[in-house]
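Letter by letter, the chains look like this.
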Amino acid sequence: VYPDFHESIYLMGPPPRGKAVGGVDFGFRNPFAAVWGVLDHDGVLWIERVRYLRETLLRDHARWMLSKCPRNTDWYADPAGADQIAELRASGLTVRRGNNDIMLGILAVTARLRTGTLKVRETTCQHLISEAKLYRYPDQSERDILGESPVDDNNHALGALRYLVSRLDHRFMCQERR
């Protein structure tokens, strides 16, 4: 799905400055995934951290988010998780609903990859990078059953990224929808 993802990976450098933002994909048996980063003044999204755990209580994720990320972080989450969003808000986090349109979200992430406005820190974002290598469209034999949408597997951290980018780039998504 993201053949150019490797071009967004960076190894070192000073932490970027800008607005703290994050994306969340809820899960318990499937992994809970949160990506956190900074949107700099040039519009580049720098992903700095990933939380990726199974069978962990939401309150434990909230504690991590509050302790490892700045308090003023704007989080964008899976809109299907209304109860989880409410619980994270009750813990003191600013959480908004992301956009759940998968294909438009993929287009928005792809646009950032192609314009160089998405950067992912290699040393702290291994789950996101691993998923980007595995996330794929169905092959010819699967297409009759699954259709044209990507295979719904290996996409939890990528889902969190998609929710984040879908809200940061909502104007792009509106244009594509038209």
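Anything mentioned here points back to the structure above.
Residues numbered from 1 in each chain as written. Predicted model: local features only at pLDDT ≥ 70, side-chain atom pairs only at ≥ 80, totals over all residues. Heavy atoms only, no water.

Visitor: When you look at the pairing of strand β6 (residues 94-97) in this model, what are you seeing that I'm missing?
Guide: Side-chain direction in a regular strand flips from residue to residue, so the side chains alternate between the two faces of the sheet. The pairing of strand β5 (residues 74-77) with β6 spans four bridges and is classified as parallel. Note that in β6 the partner of A77 across the bridge is R97. Remark: the β5/helix α2 (residues 82-90)/β6 crossover connection has right-handed handedness. (Pairing = 2+ DSSP bridges. Helix = DSSP H or I, 4+ residues; strand = E, 2+ residues; numbered from the N terminus. Right-handed = clockwise from strand over helix to strand, strands pointing away.)

Visitor: Looking at this structure, I do not really get the state of the cysteines. What am I missing?
Guide: Tallied over the full model, the rule gives zero disulfides. Cysteine C69 remains unbridged, with the sulfur of C125 as its closest cysteine sulfur at 11 Å. Of the residues examined, C125 reaches a relative accessible area of 0% and is grouped as buried. (Disulfide = S-S within 2.5 Å. Buried < 20%, exposed > 50% of the residue type's maximum accessible area, 1.4 Å probe, protein only.)

Visitor: Is there a simple way to think about the environment of V38 in this case?
Guide: One can find V38 in strand β3 (residues 32-39). Residue classification places V38 among the buried positions, given a relative accessible area of 7%. Expressed as a C-alpha distance, the spacing of V38 and P15, which sit 23 residues apart in the sequence, is 8.9 Å. Among all residues touching V38, those that are not within four sequence positions of it are P16, R17, G18, K19, V21, V44, L45 and W46. (Contact = heavy atoms within 4.5 Å.)

Visitor: Got a minute to help me understand the sheet that holds strand β4 (residues 45-53) in this structure?
Guide: Think of a sheet as strands paired side by side through backbone hydrogen bonds, with each pair either parallel or antiparallel. Strand order in the open sheet formed by seven strands is β1-β7-β4-β3-β2-β5-β6, with mixed pairing between adjacent strands. Of all the strands in the sheet, just β1 (9-10) and β6 have a single pairing partner and so form its edges. Contacts from helix α1 (residues 58-68) reach β2 (19-25), β3, β4 and β5 within the one sheet, and its direction differs from that of β4 by about 150°. Where α2 meets the sheet, it contacts β5 and β6, and its direction lies at approximately 160° from that of β6. (Axes fitted to C-alpha atoms, helices over the stretch in contact; angles between N-to-C directions.)

Visitor: Mind showing me how you'd approach the packing of helix α4 (residues 126-134) against helix α6 (residues 156-168) here?
Guide: In a pair of packed helices, the angle between the axes and the distance between the axes together describe the arrangement. Packing of α4 against α6 brings their axes to within 8 Å, and their N-to-C directions diverge by 100°. Viewed along their axes, α4 and α6 adopt a mutual orientation that is roughly perpendicular. Contacts between α4 and α6 involve L128, E131 and A132 from the first element and H156, A157, L158 and L161 from the second. (Parallel < 35°, antiparallel > 145°, perpendicular 65-115°, else oblique.)

Visitor: How should the nonpolar core be read in this particular structure?
Guide: Most often, soluble globular proteins have nonpolar side chains that are buried together. If you look at the biggest cluster of nonpolar residues, it comprises 28 residues, and the most contacted ones within it are Y2, F5, I47, L118, L128 and L161. For this core, the secondary-structure elements that each account for two or more residues are β3, β4, α3 (102-115), β7 (118-121), α4 and α6. When residues of this core are assigned to their parent elements, the largest contribution, six residues, is made by α6. Leave out the neighbours within four places in its chain, and L118 touches F5, S8, L45, I47, V109, R112, L113 and L161. Residues F32, W36, I85 and L93 belong to the second largest nonpolar core, which totals 19 residues. (Core = buried A, V, L, I, M, F, W, Y, C linked by side-chain atoms within 4.5 Å.)

Visitor: How should I be thinking about the packing of α1 against α2 in this particular structure?
Guide: The interhelical angle for the contact between α1 and α2, taken along N-to-C directions, is 45°, at an axis separation of 10 Å. As far as their axial angle goes, α2 and α1 are oblique. Crossing handedness for the pair α1 and α2: right-handed. Along its contact with α1, which presents L58, R59, A62 and M65, the element α2 presents Q84, E87 and L88. (Left-handed = near helix turned anticlockwise from the far one by under 90°.)

Shape descriptors only; they carry no functional weight alone.
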